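Fold and contact review
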Amino acid sequence: MYKLLFLQFLRSRAVIASLVLTLVLGAISIGIGHQFLSQKKAAINQVESYQRSHIERNVALHKDDLGLLMYYLKFAFVNNPDNLSGLSIGQSDVNPNIQRITIKNLEGQRYDTDLVNPMNLQSGNLDLSFVLIYIFPLLIIVFTFNLLSEETETGTWRLVSVQTPSKLKYLLLKLSVRVILIYMVLGILLAGAKIVLSIPFDVNFMMVVLLSVCYVAFWFALCFFVINFKRNSSFNALLLLASWLVLLILLPAGINAYVTNRYPVPEALSTMISQRDGYHTKWDTDKRETLQKFYEHYPQFEAFGYPTEGFNWTWYYAMQQMGDDDSAQDTKALQQKMREREAASKKLSAFLPNMHLQLALNELAGTSLDEQLNFLDATSDFHEELRLFFYPKIFTELSGDTIDWAKFTSKYSDSDRNDKQYIRITVPLVTITFIMFLCCFAIGRRLH
């Protein structure tokens, strides 16, 4: 009987076409993820070679004036993408993973982004997370909406009721055919992604598999719950499609609007203004006053004195520092607001399987907003490290030949992506899926 159910279901060309289309979309999404990773890694390789030639060229031109040399020199700080980011690109196509910064004022540099075609950014990337979150539920709805109603509408349900000892068991057998096929497609895509994207078989990938399985199970449970109301096929299709729209479009848009209004970020503009004013107004400010504020920030450099006559690099870099100092409060407030937005989104998404899955995949892949904020913090630390190394050498007017430039290669962010809160990531989706199965069990007993 089970073999007959498989053959009956696969007899429809629409079923075969739907499965093939999903596989094709999944393959395209994996290809896009591979292209995304290739572009990122190619850029990292290029910046490493460019860094060497950039330093060599500028040292040859300005080695006698270290202050002028450091005006031009840029140092690469890299956030190496995880291969899992090919599955869930998140915002990493907008936020750069390479920062090339000078020791001048930081705030005007760390929000620089890559040159990308705005039309590509507008359309977004079709990654595998999109196929999983949006396409798989539609496929499940198409396969299951008439699971029971088809039997009643064709007049075969009464015959089944007489011949089978358990109507629920028969319905579950029909459902299991769909479940097996959907999970086969999911398994093929995840296995293909692991191979094509060279994803290591680690805890993060296992979590991706677990969350994907739970998400698909949730939609099967939801569909089974709806069809057990014993309504006609049109009602089931409309109700399930409405559920898809509400869960995947309406509620996430509402949560986004709430979070945006609950945590406005006027600091984004004030940070830029205060940083620029903090730097540009210092041209007309008394030099001694600028140096005094600089030495309040770096008391270890006060021994270099207060040169106020003519142009000098001590005053110039002190002026640059003031741009960051004057915008420090706004910068801190901006970072805090962005983290509050991310935290609020994670809390509210606990009740939405699709939104929770998207944020969880981004977190596992290292493409979340938290990851980007951590990278910006690490960039600030790297910038400060450069300043503390070069300031004394600039102020003492050392020659560029006295510095070992070979050690200034591209530096990589050491943020630990393995430090994940796996329980927090797993529990909400597993819980809501379990609750949905309990509801199915309760309503399914009516079929006995």
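Here's a quick rundown of the structure. Starting afresh in each chain, residues are numbered from 1 along the sequence in its written order. Confidence filtering applies because this is a predicted model: local features only for residues at pLDDT of at least 70, side-chain atom pairs given and counted only at 80 or more, and all residues used for totals across whole chains, interfaces and linings. Excluding hydrogens and water, the side-chain figures rest on all heavy atoms present in the structure.

Here we take up the side chain of Ser233. Every helix listed is a DSSP run of H or I at least four residues long, and every strand listed is a run of E at least two residues long, numbered separately from the N terminus. Relative to the helices and strands, Ser233 resides in helix H10 (residues 233–262). Leave out the neighbours within four places in its chain, and Ser233 touches Phe145, Asn146, Ser149, Glu150 and Glu153. The contact rule is simple, with two residues in contact once any of their heavy atoms fall within 4.5 Å.

On to the pairing of strand S1 (residues 75–78), then. Buried residues are those whose accessible area, probed at 1.4 Å on protein chains only, stays under 20% of the maximum for their type, while exposed residues exceed 50% and partly exposed ones sit between those limits. Covered by surrounding structure in S1 are Phe75 and Phe77 together with Ala76 and Val78, the residues of both alternating faces. Taken together, the 4 bridges between S1 and strand S2 (residues 98–101) define a ladder with antiparallel strand orientation. The partner of Phe77 across the bridge, within S2, is Gln99. Two strands qualify as a pair provided DSSP detects at least 2 bridges between them. Across 2 bridges, the pairing between S1 and strand S3 (residues 411–412) is parallel. Counterpart to Val78 in the pairing with S3 is Tyr412.

On to the packing of aromatic side chains, then. In summary, the pairing rule links any two rings of Phe, Tyr or Trp, Trp by its six-membered ring, whose centres are within 6.5 Å, and it sorts them by plane angle into stacked for under 30 degrees, edge-to-face for over 60 and tilted for everything else. Summed over all chains, the structure comprises 37 aromatic pairs. Seen in terms of ring centroids, Phe130 and Tyr134 are 4.8 Å apart; in terms of plane orientation they differ by 25 degrees. Their pairing is stacked. Here Phe130 and its partner Tyr134 are both found in helix H5 (residues 128–144), 4 residues apart, which amounts to about one turn of the helix. Take Phe130: its relative accessible area is 34%, and that puts it in the partly exposed class. Since its relative accessible area comes to 22%, Tyr134 is described here as partly exposed.

Quick look at empty space enclosed by the protein now. Using a grid of 1 Å spacing that covers the protein atoms alone, one calls a set of points a cavity when a 1.4 Å probe fits there but cannot get out, and a pocket when the set is open and has protein on both sides within 12 Å along at least five of seven lines; lining residues are those with an atom within 4 Å of a point. Grid points are joined across faces, edges and corners, and a volume is the space filled by probe spheres set on the points. Scanning the model with the defined rule gives 2 cavities of 30 Å³ or more in all. In this structure, the largest cavity encloses a volume near 190 Å³. Every residue lining the largest cavity is counted, 20 residues in all, and those nearest its centre are Asn79, Ser92, Gly366, Thr367 and Gln372. We call Asp, Glu, Lys and Arg charged. Ala, Val, Leu, Ile, Met, Phe, Trp, Tyr, Cys and Pro are nonpolar, and the rest, Gly among them, are polar. Class assignment of the residues belonging to the lining of the largest cavity gives a composition of 5 nonpolar, 11 polar and 4 charged. Estimates place the volume of the second largest cavity at around 100 Å³. Around the second largest cavity, the lining residues are Leu87, Ser88, Leu128, Ser129, Leu132, Phe136, Leu186, Leu189, Leu190, Val208, Ser212 and Leu361. Those elements that provide at least two residues to the lining of the second largest cavity are H5, helix H8 (167–196) and helix H9 (203–227). No other element matches H5, which puts 4 residues into the lining of the second largest cavity. Here the residues of the lining of the second largest cavity are counted per class, giving 9 nonpolar, 3 polar and no charged.

Here the focus is the environment of Asp377. Considering the arrangement of structural elements, one finds Asp377 in helix H16 (residues 369–395). Ignoring anything within four residues of it in the chain, the contact list for Asp377 reads Arg110, Gln335 and Arg339.

What follows concerns the packing of H5 against H8. Axis lines are fitted to C-alpha atoms, over the contacting stretch for helices. Their N-to-C directions set the angle, which ranges from 0 to 180 degrees. Put simply, H5 and H8 touch, their axes get as near as 11 Å, and they point 165 degrees apart. Taken together, the axes of H5 and H8 lie roughly antiparallel to each other. Handedness of the crossing formed by H5 with H8: right-handed. Only Leu175, Arg178, Ile182, Val185, Leu186, Leu189, Leu190 and Ala193 of H8 make contact with H5, whose side of the interface consists of Leu128, Leu132, Phe136, Leu139, Ile140, Phe143 and Thr144. Here the contact of H5 with H8 is built from residues that sort into 13 nonpolar, 1 polar and 1 charged. Any angle that falls under 35 degrees is termed roughly parallel, while one over 145 is termed roughly antiparallel, one within 65 to 115 roughly perpendicular, and all others oblique. Handedness of each helix crossing follows the sense of rotation of the near helix against the far helix: counterclockwise by less than a right angle gives left-handed, clockwise gives right-handed.

Within the secondary structure, Gln372 sits in helix H16. Those residues in contact with Gln372, other than ones at most four positions away along the chain, are Asn95 and Pro96.

Once that is clear, we can look at H10. Taking 1.5 Å of rise per residue, the 30 residues of H10 would be expected to cover 44 Å, and the 41 Å separating its terminal C-alpha atoms lies within 8% of that figure. The term bend refers to the angle at a residue between two fitted axes, each drawn through seven residues, those ending there and those starting there. For H10, the principal kink sits at Val246 and spans about 40 degrees. Residues of H10 that are buried include every one of Ser233, Asn236, Ala237, Leu240, Ser243, Trp244, Leu247, Leu248, Pro252, Ile255 and Val259, and no others. Buried residues along H10 sit in contact with H5, helix H6 (149–154), H9, helix H14 (328–349) and helix H15 (353–365). N or O atoms closer than or at 3.5 Å make up a polar contact, with two conditions inside protein: a donor-capable atom paired with an acceptor-capable one, and, for residues adjacent in sequence, both atoms drawn from side chains. Between the side-chain oxygen at the start of H10 and the backbone nitrogen of Ser234 there is a gap of 3.2 Å, and the oxygen is on Asn232. The length a helix should cover is 1.5 Å for every residue beyond the first.

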